[in-house]
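Here's the letter readout for the chains.
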Amino acid sequence: MEQNKEKIERADRERAVLVAVVRDGQDLRQTEEYLDELEFLAETAGIGSVRRFTQRLPQPSARIYVGPGKLEEIAAYCKEREIDAVIFDDELSPSQTRNIEQAMPCRVLDRTRLILDIFLSRAQTAYAKTQVQLANYEYMLPRLAGMWTHLERQRGGTGTRGGAGEREIETDRRIVRNRIAKLKEDLRRIDRQMAVQRSNRGSMVRVALVGYTNVGKSTLMNLIAKSEVFAENKLFATLDTTVRKVVFDNLPFLLSDTVGFIRKLPTELIESFKSTLDEVREADLLVHVVDISHPQFEDQIAVVKQTLQEIGAGDKPVYLVFNKVDAYTYIKKEADDLTPAARENLSLDDLKKSWMARANTPCIFLSAKERIQIDEFRSDLYGMVREIHAGRYPFNNFLY
């Protein structure tokens, strides 16, 4: 079931193959879209994808993720083509990783390791670096076993007598645990400082931009707040929460841009970034930015909603912003085609009608890049902020 089309990659970067299991009841097309995202992650990490391998199984093998025959096929291909890495579209257990590494002639990465590597390379501030290092060590700790099996115990005592001593792996684990404890203490100290900063902002209305990674949150932030937040067409371009004061018609409020969410976001990262997401939990309004041009945008909406529930922000009022309307494409159905319209057959007008009919969530369709519907977005956002401000300060009408 593997994808046979091979890609030509530049010689100056690592080359990798991608591996995924198609579970029972899962559409093969959905698996290909998941692998598209994994390929984008690899591109962001500077790794080129040359081939994909998929296998349909009820569940991934608890020992080697795929079947034995498929693992041999992947290993033979990697050896023949001198592939640098094999990337799996799930988090591998420590035992799976060890078993696969024994069969592979190259480096083995899983989805979690890839995301952590991207975060490590993109962290700029001391706060982001501390959070990512903590997540990295917590990911490494259970995977240290087996790395030092070639070493014997360090003998204790003097001469020929004494205890068995401490294994190198035990020393390594102790070092990692000590670093985790130190990083957690550093985070608690920084959290206290940031809590003081948030309390000093007074009671201004707080608006937080949330959404899947690479949907255009930072571009929208730069447009609304006239700021220079780093924006790039890569996953996780923004790791640090950026807060800007915005004034619409004499009405000030705080606008924050947060780290993007993603499918199968590593548990270690959710835990370490919970403090960063305090801006989301304390926001009065969430602006949920969606990439309408992405074929799986509805799945991305579901991922963001689930993550918001996990961090305790699922009950916040939400303004749904469908971005990138300039990049939206669809396949028009033939006049004599009587089959039901699929998702890719819906025009932008069809989507607007269906989403705007859901009165429980206000929404707008725009393009931050081409500045389409931006004035309408400003007007809507101003109205929502004014309503929240009026509820908080009912007699403070001089602002608007």
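From a predicted model like this one, the values you see are computed outputs, not experimental measurements.

### Section: the overall build of the protein
In terms of helices and strands, the protein carries 12 helices and 10 strands. Burial statistics for the protein: of 400 residues in total, 48% are counted as buried. Put simply, of all contacts in the protein between residues at least 6 apart along the chain, 70% involve residues at least 24 apart.

### Some details on helix H12 (residues 374-392)
Along its 19 residues, H12 runs 27 Å from first to last C-alpha, staying within 8% of the 27 Å computed at 1.5 Å per residue. Every buried residue of H12 is listed here: Ile 374, Phe 377, Leu 381, Tyr 382, Met 384, Val 385 and His 389.

### Comments concerning unusual backbone geometry
The phi torsion of most residues other than glycine is negative, and most of the peptide bonds are trans. The phi angle at Lys 324 is positive, at roughly 65°, despite the residue not being glycine. Position of Lys 324 relative to the elements: it lies in the loop between strand S9 (318-323) and helix H11 (348-356). The backbone of Gln 373 shows a phi angle near 65°, a positive value even though the residue is not glycine. Of note, Gln 373 is situated in the loop between strand S10 (363-365) and H12. For Gln 373, a relative accessible area of 33% translates into the label partly exposed.

### Quick look at the pattern of salt bridges
According to the stated counting rule, one finds 21 salt bridges in the structure shown. The salt bridge partner of Asp 117 is Arg 113, with a shortest N-O separation of 3.0 Å. You can see Asp 117 and its partner Arg 113 sitting in helix H4 (residues 111-122), 4 residues apart, about one turn around the helix. Its relative accessible area of 15% is what places Arg 113 among the buried residues. Here Arg 188 ties to Glu 185 by a salt bridge, and the two come within 3.1 Å at their closest N and O atoms. With Arg 188 and Glu 185 both in helix H6 (residues 168-199), this residue pair falls 3 residues apart, about one helical turn. The network of salt bridges with shared partners includes Glu 32, Asp 36, Glu 39 and Arg 52.

### Details of the sheet that holds strand S5 (residues 206-211)
Spatial ordering of the open sheet is given by S6-S7-S5-S8-S9-S10, a layout of 6 strands whose pairing is mixed. Where the open sheet ends on each side, the last strands, each with one partner, are strand S6 (242-248) and S10. Taken over all neighbouring pairs, the strand axes of this sheet differ in orientation by 25° on average, direction set aside. Pairing between S5 and strand S7 (residues 251-257): 4 bridges, direction parallel. Counted as the bridge partner of Leu 209 is Asp 257 from S7. Contacts between helix H10 (residues 297-310) and the sheet are confined to S5, strand S8 (285-291) and S9, with S8 contributing the most and set at about 150° to the helix.

### Remarks on the environment of Gly 312
Along the chain, Gly 312 falls in the loop between H10 and S9. With relative accessibility at 47%, the residue Gly 312 sits in the partly exposed group. Sequence separation of Gly 312 and Leu 277 is 35 residues, and the distance between their C-alpha atoms is 9.8 Å.

### Some points on the sheet that holds strand S3 (residues 85-88)
What the 4 strands build is an open sheet, ordered S2-S1-S3-S4; its pairing is parallel. Two strands in the sheet have a free side with no partner beyond their single neighbour: strand S2 (47-56) and strand S4 (107-110). Going across the sheet, the axis of each strand differs from the next one's by a mean of 25°, ignoring polarity. Bridge count for strand S1 (residues 14-22) against S3 is 4 bridges, and the pairing is parallel. Residue pairing in the sheet places Leu 18 in a bridge with Ile 87 of S3.

### Details of the packing of helix H7 (residues 217-225) against H12
Two elements in contact, H7 and H12, have axes separated by 12 Å at closest approach and are oriented at 75°. Compared by their axis directions, H7 and H12 come out roughly perpendicular. Here Leu 220, Leu 223 and Ile 224 of H7 lie close against H12, whose contacting residues are Ile 374, Phe 377 and Arg 378. Among the residues making up the contact of H7 with H12, the classes are represented as 5 nonpolar, no polar and 1 charged.

What counts and how
Residues numbered from 1 in each chain as written. Predicted model: local features only at pLDDT ≥ 70, side-chain atom pairs only at ≥ 80, totals over all residues. Heavy atoms only, no water. Helix = DSSP H or I, 4+ residues; strand = E, 2+ residues; numbered from the N terminus. Buried < 20%, exposed > 50% of the residue type's maximum accessible area, 1.4 Å probe, protein only. Contact = heavy atoms within 4.5 Å. Expected span 1.5 Å × (residues − 1). Salt bridge = Lys/Arg side-chain N within 4 Å of Asp/Glu carboxyl O. Pairing = 2+ DSSP bridges. Axes fitted to C-alpha atoms, helices over the stretch in contact; angles between N-to-C directions. Parallel < 35°, antiparallel > 145°, perpendicular 65-115°, else oblique. Nonpolar A, V, L, I, M, F, W, Y, C, P; charged D, E, K, R; others polar.

Any functional reading would require information beyond the geometric quantities listed.
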